[in-house]
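In case you want the letters, here they are:
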Amino acid sequence: MTETTQQHEQLRWKLPAWRLIKYLGLSFLVPVLAVFTALVLGALIIWLTGKDWMAAYIGLWQGSFGSPGAIAATLVRSTPFIITGLAVALGFKAGLFNIGAEGQLYAGALLAVVVGTSLVGWPAVIHVPLAIVAGAVGGMVWGAIPGYLKARTGAHEVINTIMLNYIALRMTEWLIKNRTPYILGDPLDASGSRTRFIAASAVLPHIPNTNLHVGILMAGLLTFLVYWLLYHTTIGFEVRTIGANPAAARYAGIRVPRTMVLAMALSGMLAGLAGAGEVLGVERALKTDFFSGLGFDSIAVALLARSNPLAMIASGLLWGGLLNGARLMQVRAELSIDVIKIVQALIIMFVAADQIVRWIYRIRPHEPGDEMTFSRGWGT
Amino acid sequence: MPSYRRGISRQQIIAAFFAIIGILILLGYAPHLGQPDATISRLTFGLGGPVLDVPTAIVMFSIGIIYFSSGIPGLLRRWERTTRWALWLNSLLFVPMVLIAAAAGKQTNVLTMIAETLRLGTPLALGALAGLYCERSGVINIAIEGMMLFGAAFGFAALIFTGNIWLGVLTAILLGGIAALLHGWLSIHLQTDQIVSGTVINILAIGVTGYLRRSYLLSSPGGRVTLSTIPIPLLSDIPLIGNVLFNNKPIFYMMLVLIVSTHIALFYTRWGLRIRAVGENPRAADILGINVYRTRYLNVVVGGMIAGLAGAWFSLETVGSFDDGMTSGKGFIALAAMIFGKWTPFGAFGGAMLFGFAEALGTRFQILNVELWGSPLPIQFLQTLPYITTIVVLAGLIGRATPPAAIGQPYKK
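Fair warning: this is a prediction, and the values are worked out from it, not measured in the lab.

**Student:** Got a minute to help me understand the overall build of chain B in this structure?
**Tutor:** When its secondary structure is counted, chain B shows 16 helices and seven strands. Against the 2.2 N^0.38 benchmark of 22 Å for 413 residues, chain B shows a C-alpha radius of gyration of 23 Å, consistent with a compact globule. Counting only C-alpha atoms and orienting by the principal axes, one finds that chain B spans roughly 70 × 60 × 40 Å. Residue burial in chain B is summarised as follows: out of 413 residues, 54% are buried. Counted over contacts in chain B with a minimum sequence separation of 6, partners at least 24 positions apart contribute 77%. Taken as a whole, chain B presents about 17900 Å² of accessible surface, with 68% of it coming from carbon and sulfur. A gap of 12 Å separates the mean positions of the 27 positive and 15 negative side-chain charges of chain B.

Okay, structure coming up:
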């Protein structure tokens, strides 16, 4: 009897939903306190600049989750954060710090736009998946490059991914702004800052009269896929092992360089999907400043979820909500949009360096084994 | 990870690279060889200085022959030792080769090119020094970018509000130091992952400087004042190099002084020995009575102040205003320069100048209107030159350059 109960108990913990509850129950405290502390400090900054912080925060709430319209907008805003958060988290699990989500977003979005604009007259059933796959491939290639360089030469992925961000950005600018001949740029657009609009058959399905597209469902699906990949497949095991201890992984016969490239490629693929989703679902064209800052924000989202794929939805929603509510906050309290950027930076700081939060609130320090591997030094 | 490396060696890749370039040059210039009125690349050295008329096709063809003939035997593993010097020679030839090719049928001023390289290399050299101080004491600093941004924004703000440009420079240095203090507190005291801590500062810098700019700097009147050029008496009158080296702006001179003094401090003083001891083996240093925490804090803050000075270069010495993200990745390129220089000041200087040259080359190509397949090279391609150089240099050098042994590990007493 007791044995079956025990088995039952074990089985229950294996279910994803229960894992989520267990996870939240054990470690939600620090991230929540981090967000809270950042908000308090943000209020202090607003107060110091002589503005009404109460009005600002009420505006923030109403603009993000206060009405059905606001919630729909928040969902749309959160989608790329959830997916790129997953991308960064996957890198973290492999001990790789992917700061290059931004470049991978551009790479994915570019290919999605190419497919979205060039094929005309195709049925949506084929066109949409094709454009999404193109986005995935773009991100994957852009992510695999730093992975390969790291595996092959030991060049640190932090520098290489940032360099690739700039290269992707310049290439996008060139493809959009070049006028003789027009490559991807739209001759009808006088400012020359966006591509042509994609064909109607490539647009992601929408709920009529709103911006809410299937991207959020895609984000949910990807969340579970990444969770499944990491914890229920051999590849996931290998990825986590090279993240936890590359030397042990090598000793156990895992091909470390190959797994490294694979992890970066998958991470880039996720970011590319997010880029494709934004282009196909929201803007229907690619602008040069489309993803500015999204790559850095996704790091925060991943850290906020403590790299747990299942927590990424909550973390991404919080981030999207903060950004989406910022507009109303700005209007209500006559604030600069950058205040929300500072609050976000503070959240990142408190979440990433959760030692500060533990120090402020006198929470016991990490237990051994509880620590997260983020990244490694040069050349190792 | 060189230990996994099998098959092709790094030198073979380099040799193949030169062999391919050699073939391309030979194919590209062979048709021009026999022509009666050959194109000439005119290289000048300053106004009224000597002029060098180089017959483009002949010189390029001979460089192509050198590349090709040294690249092919370089592919053979057993000749690796003998061909190594040839490959070094090829690397040295690369710079004049590019200049001659770009200036075909036009003229270009070599001295201006050198001056531009030195000017554009200045923030990179300073950033590399900032990284050097931190990393020699065992703390990874990827926050140089953020510290530069802090320095640039607040330095410019100080200029606007006080009207004194030197107060601006001082503020920039101070703010770099404060940002570094945060980095130190997070990574030394609280033992956060050093790369995460650095990223936090980078993100914070974007938010805070953006807020500062939109809330205070945009609305205030501020002329585009920059630090003025200071010619050094006597030295600036030396022909050819005098004008290039000794007729510059103050932060450039400070960079030169800092490079030399850092070299002396690091390798010829007791303090420098202690820094290196802490970076290599903090436990042993601790046992010998060196205060590891204090040494690391001091170095991180000194590094931050230098990064702040590099920030002042952007807003106060060059542009005369502040833009969002105006450092545009230079902090990370500086790190690559530091790695290129194998964590030594003179090496870092060399690396910084290499990247400065890549950037100067971009603008030079633009001026010379270099064409590719019949249409001018897009500006954006030229702008990516420093970034691509960084990736190539990093891929080629890491593994051969050894970082301080204790880097990245928080010290727990």
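Structure's up, so let's keep going.
**Student:** Would you take a moment to explain the sheet that holds strand β3 (residues 107-109) of chain B for this structure?
**Tutor:** Two modes of strand pairing occur in sheets, parallel and antiparallel, and in both the strands are linked by backbone hydrogen bonds. Residues and elements named next belong to chain B. Strand order across the open sheet formed by three strands is β2-β1-β3, with mixed pairing between neighbours. Because the sheet does not close on itself, it has two edges, and the strands there are β2 (51-55) and β3. Taking each pair of neighbouring strands and ignoring which way they run, the sheet shows an average axis angle of 20°. Note: strand β1 (residues 40-44) against β3, three bridges, orientation parallel. By the bridge assignment for β3, Arg42 is matched with Gln107.

**Student:** Help me out: how do you make sense of the domain arrangement of chain B in this one?
**Tutor:** A common way to state how big an interface is: give the accessible area lost once the parts meet. All names here are of chain B. Domain annotation for chain B reports domain 1 (10-105) and domain 2 (111-397). A straight line from the C-alpha centre of domain 1 to that of domain 2 covers 33 Å. Residue-level contacts link 10 residues of domain 1 with 11 residues of domain 2. Buried surface at the junction of domain 1 and domain 2, both sides included, amounts to about 740 Å², of which 79% is carbon and sulfur. The leading source of residues in the side of domain 1 that touches domain 2 is helix α3 (residues 80-102), at four residues. Its residues placed into classes, the side of domain 1 that touches domain 2 shows seven nonpolar, two polar and one charged.

**Student:** Explain the pattern of salt bridges to me, please; I cannot follow it from the model alone.
**Tutor:** Pairs can form between side chains of opposite charge whenever their charged atoms are close. Residue and element names in this part refer to chain B. Under the criterion given, the structure shown has eight salt bridges over all chains. Between Arg119 and Glu116 there is a salt bridge, with its nearest N and O atoms 3.1 Å apart. In this pair, Arg119 and Glu116 both sit in helix α4 (residues 110-136), three residues apart, roughly one turn of the helix. In this structure, Asp324 and Arg213 form a salt bridge, with 3.3 Å as the shortest nitrogen-oxygen distance.

**Student:** Looking at this structure, how should I read the interface of chain A and chain B?
**Tutor:** With 52 residues of chain A at the interface, the matching set in chain B holds 53 residues. Taken over both partners, the interface formed by chain A and chain B buries close to 4700 Å², and the fraction arising from carbon and sulfur atoms is 76%. On inspection of chain A and its partner chain B, the count reaches zero salt bridges. Between chain A and chain B we count two residue pairs in polar contact (both at pLDDT 80 or more) in total.

**Student:** Would you mind showing me how to read the packing of aromatic side chains here?
**Tutor:** By convention here, two paired aromatic rings are described through the distance between centres and the angle between planes. Residues and elements named next belong to chain A. What the rule picks out here adds up to 13 aromatic pairs over all chains. Ring geometry for Tyr227 and Tyr231: centres 5.4 Å apart, planes at 40°, overall tilted. Remark: Tyr231 and Tyr227 occur in helix α9 (residues 215-232); sequence separation between them is four residues, near one turn of the helix.

**Student:** Sorry, what's going on with unusual backbone geometry here?
**Tutor:** For Arg306 of chain A, which is not glycine, the phi torsion reads 50° and is therefore positive. Residue position: Arg306 of chain A is located in the loop between α13 (294-304) and α14 (312-333). The buried category is assigned to Arg306 of chain A, whose relative accessible area is 16%. Phi is positive for Trp343 of chain B, which is not a glycine, with a value near 60°. The topology assignment puts Trp343 of chain B in the loop between α13 (330-340) and α14 (345-368). On the accessibility criterion, Trp343 of chain B (1% relative accessible area) is buried.

**Student:** Would you explain a nonpolar patch on the surface in this entry?
**Tutor:** Residue and element names in this part refer to chain A. Together, Leu44, Trp47, Leu48, Trp53, Met54 and Ile58 line one region of the surface with nonpolar side chains, adding up to about 660 Å² of accessible area. Where the nonpolar patch is concerned, the elements lending two or more residues are α3 (29-48) and α4 (53-65). With respect to the element layout, Leu48 can be found in helix α3.

**Student:** Looking at this model, I keep getting lost on the packing of α13 of chain A against helix α15 (residues 338-352) of chain A. Mind explaining?
**Tutor:** Any two packed helices are characterised by the angle at which their axes cross and by the distance between the axes. Residues and elements named next belong to chain A. Relative orientation of the contacting elements α13 and α15 amounts to 40°, with a least axis distance of 9 Å. The pairing of α13 with α15 is recorded here as oblique in orientation. For the element pair α13 and α15, the recorded crossing hand is left-handed. Residues Asp297, Ala300, Leu303 and Leu304 of α13 form the contact with α15, whose own contacting residues are Gln344, Ile347, Ile348, Val351 and Ala352. Residue composition of the contact of α13 with α15, grouped by class: seven nonpolar, one polar and one charged.

**Student:** It is not clear to me how α3 of chain B should be interpreted in this structure. Could you clarify?
**Tutor:** Given 3.6 residues per turn, any residue in an α-helix points the same way as the ones three and four places further on. Helix length check: α3 of chain B (23 residues) gives 32 Å between terminal C-alpha atoms against 33 Å at 1.5 Å per residue, within 8%. A maximum bend of about 35° is found in α3 of chain B at Phe94 of chain B, where proline Pro96 of chain B lies one to four positions downstream.

**Student:** Explain helix α12 (residues 292-319) of chain B to me, please; I cannot follow it from the model alone.
**Tutor:** Residue and element names in this part refer to chain B. Relative to the 40 Å expected for 28 residues at 1.5 Å per residue, α12 spans 40 Å between its end C-alpha atoms, a close match to the ideal helical length. At Trp313, α12 shows its maximal bend, which comes to roughly 35°. The element α12 is largely enclosed, with a buried count of 20 among its 28 residues. Where α12 starts, the residue carrying a side-chain oxygen 3.3 Å from the main-chain nitrogen of Tyr293 turns out to be Asn291. Directly beyond the C-terminal end of α12, a positive phi value near 85° is found at Gly320.

What counts and what doesn't
Residues numbered from 1 in each chain as written. Chains lettered and ligands numbered in written order. Predicted model: local features only at pLDDT ≥ 70, side-chain atom pairs only at ≥ 80, totals over all residues. Heavy atoms only, no water. Helix = DSSP H or I, 4+ residues; strand = E, 2+ residues; numbered from the N terminus. Rg over C-alpha atoms; globule rule 2.2 N^0.38 Å. Buried < 20%, exposed > 50% of the residue type's maximum accessible area, 1.4 Å probe, protein only. Contact = heavy atoms within 4.5 Å. Areas by Shrake-Rupley, 256 points an atom, 1.4 Å probe, with all protein chains shown as cover. Lys, Arg positive; Asp, Glu negative; His and termini not counted. Charge placed at Lys NZ, Arg CZ, Asp CG, Glu CD. Pairing = 2+ DSSP bridges. Axes fitted to C-alpha atoms, helices over the stretch in contact; angles between N-to-C directions. Domains from an automatic or database assignment. Buried area = accessible area lost by both parts, 1.4 Å probe. Nonpolar A, V, L, I, M, F, W, Y, C, P; charged D, E, K, R; others polar. Salt bridge = Lys/Arg side-chain N within 4 Å of Asp/Glu carboxyl O. Polar contact = N/O pair within 3.5 Å; in protein donor to acceptor, adjacent residues only side chain to side chain. Phe/Tyr/Trp six-rings, centres within 6.5 Å; stacked < 30°, edge-to-face > 60°. Patch = residues over 30% accessible without salt bridge, like charges linked within 9 Å, V, L, I, M, F, W, Y side chains within 5 Å. Parallel < 35°, antiparallel > 145°, perpendicular 65-115°, else oblique. Left-handed = near helix turned anticlockwise from the far one by under 90°. Expected span 1.5 Å × (residues − 1). Bend = angle between axes of the 7 residues up to and from the residue.

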